[in-house]
Amino acid sequence: MVDYDGRMGSVYVAGRGMSPEGVRRWTAALAAYLPERRPVQILDLGSGSGRFTPGLAEEFQGPVYGVEPSDRMRETAERAAAHPAVTYLKGSAEDIPLPEASVDGVLMFLSFHHFPDQLKALQEVHRVLRPGGVAFLRSQFADLMPDLFWYDYFPSARAVDAGMYLTVEQSQQLARQAGLVPDDEPVWVTTDEPRTLGAAYERLKLRALSTFEHLPEDEIAPGFERFAVDVERDPDRLVPVYSAAMLVLTRPGR
């Protein structure tokens, strides 16, 4: 399990931050599945340092609840991602501190693979969603892994990442067991902005991706050394932009 109260919590904002435009693109993608009326109540489940919660509050006019088990991440969010319509709560995916049928939407943004009991978490998502409400499962999927350019520097990274995630079908089956109805296929969202090799290196060297918590130590330093050599040769080369897969899950009823 990744310790977000330790080293990861100290580098997460710098290594995983998202631009305001990137956040706007994601909230626009979610808005296509949520009511046009405002306000719309949103739960950001595994809200971390709060990179999404203020943007969700702006788009949907709140209230937005950020539920996060890590004290350090939650304290960072309360300090750096405060918003009048946002409330950060200590809690877990398996024990969400909200009443039944209290939100219109639930965002799980790259948090699902950290949930110790994913079925129970989805049952809790079902509980807090209003009938007709929608959950957004933005995750990697073992059968849809992107061919990330930086995998070339770390020989085990692709297999390590794939081992963290369920397949699309497994995720859909868990959702059905929890009473949620998944769309047949993932939605693909392109929100990343072009980034130079040098900028990508500066972010990646912070090791703010959970991948690095599971890589063999003897791969990490040599991998970054090779990466640094390529950056020195061509720092302004643009790295690929990848589309992101997201499952849309609906609580039946109105």
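Note: the structure precedes this text.
Residues numbered from 1 in each chain as written. Predicted model: local features only at pLDDT ≥ 70, side-chain atom pairs only at ≥ 80, totals over all residues. Heavy atoms only, no water.

Here D218 is to be found in helix 10 (residues 217–233). Measuring from C-alpha to C-alpha, the distance between D218 and F154 comes to 9.9 Å, with 64 residues separating the pair along the chain. (Helix = DSSP H or I, 4+ residues; strand = E, 2+ residues; numbered from the N terminus.)

As a further point, take the side chain of E124. Relative to the helices and strands, E124 is located in helix 5 (residues 118–128). When residues no more than four places from it in sequence are discounted, the contact partners of E124 are A93, E94, D95 and I96. (Contact = heavy atoms within 4.5 Å.)

Turning our attention to unusual backbone geometry. R38 connects to P39 through a cis peptide bond whose omega is 5°. Phi is positive for Q61, which is not a glycine, with a value near 60°. Along the chain, Q61 turns up in the loop between helix 3 (53–60) and strand 2 (64–68). In this structure, A101 is a non-glycine residue whose phi angle is positive, near 50°. Looking at where A101 falls in the secondary structure, it is placed in the loop between strand 3 (86–90) and strand 4 (103–109).

Looking now at the pairing of strand 3. Looking at chain direction, strand 2 and strand 3 are connected through five bridges and run parallel. Note on strand 3: the bridge partner recorded for G66 is Y88. In this fold, the crossover linking strand 2 to strand 3 by way of helix 4 (residues 71–80) has right-handed handedness. (Pairing = 2+ DSSP bridges. Right-handed = clockwise from strand over helix to strand, strands pointing away.)

Attention now goes to the pattern of salt bridges. A full pass over the atoms with the stated rule returns 13 salt bridges. Note that R130 is salt-bridged to D104, the shortest N-O span being 3.1 Å. You can see R130 sitting in strand 5 (residues 129–138) and its partner D104 sitting in strand 4, a full 26 residues away along the chain. The exposure class of D104 is buried, given its relative accessible area of 6%. A salt bridge links D230 to R233, with the nearest nitrogen and oxygen atoms 2.9 Å apart. (Salt bridge = Lys/Arg side-chain N within 4 Å of Asp/Glu carboxyl O. Buried < 20%, exposed > 50% of the residue type's maximum accessible area, 1.4 Å probe, protein only.)

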